[in-house]
Amino acid sequence: VTVGSLRGSARLAQPRTSSRALSASVQEALIGYAFVAPVVLIFGVFYAYAIARSLALSFTNFKFLSPSSQFVGLDNYVTALQDHWVLEGFAKAAYFTVLSFLGSLLLPLLVALVLDRVSHPRLSSIYRVLLFLPAIMPAPLIARLWRWMYLPSFGLINYVLVDWLHILDSGPLWLVSPELAMPSLAFMAWWSALGIVTIFLLAGLDGIPKELYEAARIDGASELRIVWSITLPLLRNTLIVWSILRIETLAVVEPILAMWGGGGGSAPYSIWTWAYYAWETGFKSGRMPFGYASAIGWIGAGVMIALALVVRWLFRERDRATEGGAAV
Amino acid sequence: VKPGRFGRHTFIWIVIALVLLPFVWVILLSVRPYSDLVLLPPTFLPRVWTLGNYQALFNKDIALTQYFVNSAIVSAVVVPLVVFSTCLGGYAFARLRFPGRDLLFWLLVISLFLPVAFPRLITVYELVSDWGLMDTLPGLMLPYLSLGIVIYLFIMRNIFIEIPKELEDAARIDGATLFGVFRRIMLPLAAPGAMMVTMLCFLTTWGEYLFAVTLSTSNALTLPVAMTLVTSETQGDTVLTVLATAYVLAMIPPLLVYLGLNRFFRAGLAQGALKF
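Summarised in this report is the structure supplied together with it. The structure displayed is predicted, hence computed values, not measured ones. (Residues numbered from 1 in each chain as written. Chains lettered and ligands numbered in written order. Predicted model: local features only at pLDDT ≥ 70, side-chain atom pairs only at ≥ 80, totals over all residues. Heavy atoms only, no water.)

### Comments concerning the overall build of chain A
To be explicit about the condition: Think of it this way: any DSSP run of H or I at least four residues long counts as a helix, any run of E at least two long counts as a strand, and we number them from the N terminus. For every residue, the accessible area obtained with a 1.4 Å probe (protein chains only) is divided by the maximum for its type, and the residue is called buried under 20%, exposed over 50%, and partly exposed between those limits. Any two residues having at least one pair of non-hydrogen atoms within 4.5 Å are treated as being in contact.
Across its full length, chain A carries 14 helices and zero strands. Scored against the burial criterion, the 328 residues of chain A give a buried share of 49%. Taking contacts inside chain A between residues at least 6 apart in sequence as the whole, the part at least 24 apart equals 66%.

As structure tokens, then:
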């Protein structure tokens, strides 16, 4: 529609021959290609090529900087699926995902529900800015800060638990103990997700007309009842989108690297997720088996994509019926 | 029992206090001497207040300040390039007609849904090594250009789509060239979106970790990476209190950018920057 009118108006302004109009559209196309060139170039190298190359590598026994590499078919995948570091790594990643998902959804949901009922516009926006602060901090520094918080001798956690509240007699070794390492990591995830998930859920809550609540209150419904029968059903799409986004937690590796030191191998075995194992194997083991590491990465990608599709499929029915939610 | 309005605010303030407590703690660490920190019994507030840690950070030639400069250089190069290229691309995908446009755009957007950070990292490592840029700042900047570029492009395209077409048409009738229209009319109108991208891109670049920790070992360390390589907080030049000062320094740029540009983020969202 619009191109025709644009071209027509251009012709009105400068009544020339039709070849002139043709060259205008060619010119527009050329400018278009020139404008998208930088983005497409960056994308082409660091996404399209990078993805294709790594997929191709996963079918070879390529090792970084080694001259010879052969096509080995599915060997890497077969090996990876029998590698206990990979299999247990998936179990650990799933454990972390479940632990962090629950806390980083339920707590923010509670905060968002309360914050949504703050009608004072200025305070409401101040609250949002303050709650969002952890989200702007560099993720590795968040992990470092929590490493310090967990320090047995003068970390804040043990100070509060032992010296202040006297809940514990002596401070546990949060990051060293195999049982505590993963929950400690997940607790950090709760904290760092609190603000950003609250804001995300609030975007969904903002889309629910307040009149619905008023009407229910007039009818004598309790706040709990309102949340359960009105808010949560209408928030459904937002929650589904969030759950699908959180599947990426399965690939957790950055906070592990940041908390336990970049590749010192000081991390206890209990937090060696498959992605962390792939990173250590690919970049820090002497042989640097890029083919094998790629295969692990692609198995992980396949699992995450499959999970996303399953979640999408599970909640397919009412999707079309309920519009709204966060505009994401 | 119905939580009244007072209860609501109290609850929110408690949550905010818990969220901000670690930051307060680390700021307090940076203004107390290490000898005070290790003194028993432990205290939350410093018994002795000092700025000595900040002096130590700058005077004793601890490399952390150099890493701060590295971070700043990387961001100063990457952010303008990304904003510039996504403005151009966003405009073209929103307004210009050229064969293959929509196919290309959706190809780009699909990549947002692929959880392939690790496979990408493998190839990027190989590329940067082939280019001889291992452990150099350009070796970080180049892959950083790709961080989030698709989502920024998506944002800019949405922003340009929302600008009324009539403005453009009117200028074209007045004889402005296509490029002139872009530069003098569209770009100023898209400024809030560009500021939003600037903010997001800076925060991402400043805090990037996976590429940086993989691609740099000593010369090109950025501040966040350098800080995560410290293995002991209890000895040498990098005791916890000195590290805390570096931490505070590292937090300042993102904080300033966020407080300065947050309103554009809101404006951008209101303009439908993230609408699918």
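### Observations concerning the overall build of chain B
For clarity, the cut-off: In this treatment the radius of gyration is a C-alpha quantity, and the globule benchmark scales as 2.2 Å times the residue count to the 0.38 power. For the accessible areas, the method is Shrake-Rupley and the probe is 1.4 Å, while residue cover comes only from the protein chains on display. Residues scored as positive are Lys and Arg, those scored as negative are Asp and Glu, and His as well as the terminal groups of each chain are ignored. Each charge is placed at NZ for Lys, CZ for Arg, CG for Asp and CD for Glu.
Looking only at helices and strands, chain B features 14 helices and zero strands. Along chain B, from the amino end to the carboxyl end, the secondary structure elements read α-α-α-α-α-α-α-α-α-α-α-α-α-α. Relative to its length of 276 residues, chain B is extended, with a C-alpha radius of gyration of 23 Å against a globular reference of 19 Å. Considering only C-alpha atoms, chain B reaches an extent of 75 × 65 × 35 Å along its principal axes. With 276 residues in all, chain B has 56% of them scored as buried. Counted over contacts in chain B with a minimum sequence separation of 6, partners at least 24 positions apart contribute 74%. Looking at chain B as shown, the accessible area adds up to about 11,700 Å², and 69% of this sits on carbon and sulfur atoms. Across chain B, the centroid of the 18 positively charged side chains sits 14 Å from that of the 14 negatively charged ones.

### So, the environment of Gln271 of chain B
Residue and element names in this part refer to chain B. On the secondary structure map, Gln271 appears in the segment after helix 14 (240-270). Assessed through its relative accessible area of 27%, Gln271 is described here as partly exposed. C-alpha of Gln271 to C-alpha of Pro188: the two residues are 83 residues apart in sequence and 15 Å apart in space.

### A closer look at the interface of chain B and chain A
Keep this limit in mind: Using a 1.4 Å probe, buried area is obtained as the accessible area two parts lose upon being combined, added over both of them. The rule for a salt bridge is simple: a side-chain nitrogen of Lys or Arg has to be within 4 Å of a carboxyl oxygen of Asp or Glu.
Every contact between the two is made by 98 residues of chain B and, on the other side, 87 residues of chain A. Summed over both sides, the interface between chain B and chain A buries roughly 8,600 Å², with carbon and sulfur atoms accounting for 79% of that surface. On the chain B side of the contact with chain A, Trp25, Pro115 and Phe118 of chain B bury the most area, a combined 7% of that side's loss. On the surface where chain B and chain A come into contact, there are one salt bridge.

### Topic: the side chain of Thr249 of chain A
All names here are of chain A. What counts here: Under this definition, polar contacts are N or O atom pairs within 3.5 Å; protein pairs additionally need one hydrogen-donor-capable and one acceptor-capable atom, and for neighbouring residues in sequence, both atoms have to be side-chain atoms.
Tracing the backbone through its elements, the reader meets Thr249 in the loop between helix 11 (236-246) and helix 12 (254-260). A polar side-chain atom of Thr249 sits 2.5 Å from the main-chain carbonyl oxygen of Arg246. When neighbours within four sequence positions are excluded, Thr249 is seen to be in contact with Phe96, Thr97 and Ser100.

### Focus: the packing of aromatic side chains
What counts here: Ring pairs shown here join Phe, Tyr and Trp side chains whose ring centres sit within 6.5 Å, with only the six-membered ring taken for Trp; geometry is labelled stacked below 30 degrees between planes, edge-to-face above 60, and tilted in between. Lysine and arginine charges are scored as sitting over a ring when NZ or CZ, respectively, is within 6 Å of the ring centre and within 35 degrees of the ring normal.
Going through the model one piece at a time under the given rule, you end up with 41 aromatic pairs over all chains. Between the aromatic rings of Phe64 of chain A and Tyr125 of chain B, the centroid separation amounts to 5.1 Å while the plane-to-plane angle is 75 degrees, which identifies the pairing as edge-to-face. Taken together, the residues span two chains, with Phe64 of chain A in the loop between helix 2 (18-57) and helix 3 (75-82) and Tyr125 of chain B in helix 6 (residues 117-130). On the basis of relative accessibility, which here comes to 11%, the residue Tyr125 of chain B falls in the buried class. Between Tyr127 of chain A and Trp13 of chain B, the aromatic rings sit 5.3 Å apart at their centres with planes inclined by 90 degrees, giving edge-to-face as the arrangement. A residue pair is termed interchain when its members come from two chains, as with Tyr127 of chain A in helix 5 (residues 121-136) and Trp13 of chain B in helix 1 (residues 5-30). By relative accessible area, Trp13 of chain B is classed as partly exposed at 41%. One aromatic cluster is present, built from ring pairs that chain together Phe62, Phe64, Trp279, Phe283 and Phe290 of chain A together with Phe118 and Tyr125 of chain B. When the ring centre of Tyr47 of chain A is taken as origin, the NZ or CZ atom of Arg120 of chain B, which lies over that ring, is 4.0 Å away. Just above the ring of Phe105 of chain B sits the side chain of Arg157 of chain B; from NZ or CZ to the centre is 4.1 Å.

### Side note on a nonpolar patch on the surface
Residues and elements named next belong to chain A. Note the following rule: Candidate patch residues must exceed 30% relative accessible area and have no salt bridge, after which like charges are joined if within 9 Å and Val, Leu, Ile, Met, Phe, Trp or Tyr side chains if within 5 Å.
Residues Val310, Trp313, Leu314 and Phe315 make up a contiguous nonpolar surface patch of about 410 Å² in total accessible area. As for its position among the elements, Val310 is in helix 14 (residues 290-314). For Val310, a relative accessible area of 43% corresponds to the partly exposed category.

### Let's talk about the pattern of salt bridges
Residue and element names in this part refer to chain B. Per the stated rule, a full pass over the model turns up 11 salt bridges over all chains. Of the charged contacts in the structure, one is a salt bridge between Arg95 and Glu168, with a shortest N-O distance of 2.5 Å. In this pair, Arg95 sits in helix 4 (residues 64-95) while Glu168 sits in helix 9 (residues 165-173), placing the two residues 73 residues apart along the sequence.

### So, unusual backbone geometry
Note that the residue after Leu40 of chain B, namely Pro41 of chain B, is joined by a cis bond; omega there is -5 degrees. As for its position among the elements, Pro41 of chain B is in the loop between helix 2 (34-38) and helix 3 (52-59). Although it is not a glycine, Leu65 of chain A sits at a positive phi angle of roughly 65 degrees. Topologically, Leu65 of chain A is positioned in the loop between helix 2 and helix 3.

### Section: the environment of Ala135 of chain A
Its location among the elements puts Ala135 of chain A in helix 5. C-alpha of Ala135 of chain A to C-alpha of Ile196 of chain A: the two residues are 61 residues apart in sequence and 5.9 Å apart in space.

### Section: the environment of Pro99 of chain B
Along the chain, Pro99 of chain B falls in the loop between helix 4 and helix 5 (101-110). By relative accessible area, which is 60% here, Pro99 of chain B ends up exposed. Distance from Pro99 of chain B to Val38 of chain B, taken between C-alpha atoms, is 68 Å for residues 61 residues apart in sequence. The contacts of Pro99 of chain B, once residues within four sequence positions are left out, are Ala29 and Tyr33 of chain A.

### Describing the packing of helix 4 (residues 84-116) of chain A against helix 1 of chain B
Inclusion rule: Each axis is a line fitted through C-alpha atoms, and for a helix only the stretch in contact is used; angles between axes span 0 to 180 degrees, taken between their N-to-C directions. Oblique is the label for any angle not under 35 degrees, not over 145, and not in the 65 to 115 range, which are roughly parallel, roughly antiparallel and roughly perpendicular in turn. Crossing handedness follows the turn of the near helix against the far one: under a right angle anticlockwise gives a left-handed crossing, and clockwise gives a right-handed one.
Interaxial distance between helix 4 of chain A and helix 1 of chain B falls to 10 Å at its minimum, and their mutual angle equals 140 degrees. Viewed along their axes, helix 4 of chain A and helix 1 of chain B adopt a mutual orientation that is oblique. The handedness of the crossing between helix 4 of chain A and helix 1 of chain B is left-handed. Contact residues: helix 4 of chain A offers Leu110, Val111, Val114 and Leu115 of chain A, while helix 1 of chain B offers Arg8, Phe11, Ile12 and Val15 of chain B.

### Concerning helix 11 of chain A
Those residues of helix 11 of chain A that fall on the buried side of the exposure criterion are Arg236, Asn237, Thr238, Leu239, Ile240 and Trp242 of chain A. Residues of helix 11 of chain A that are buried make contact with helix 4, helix 8 (178-206) and helix 10 (223-234) of chain A.

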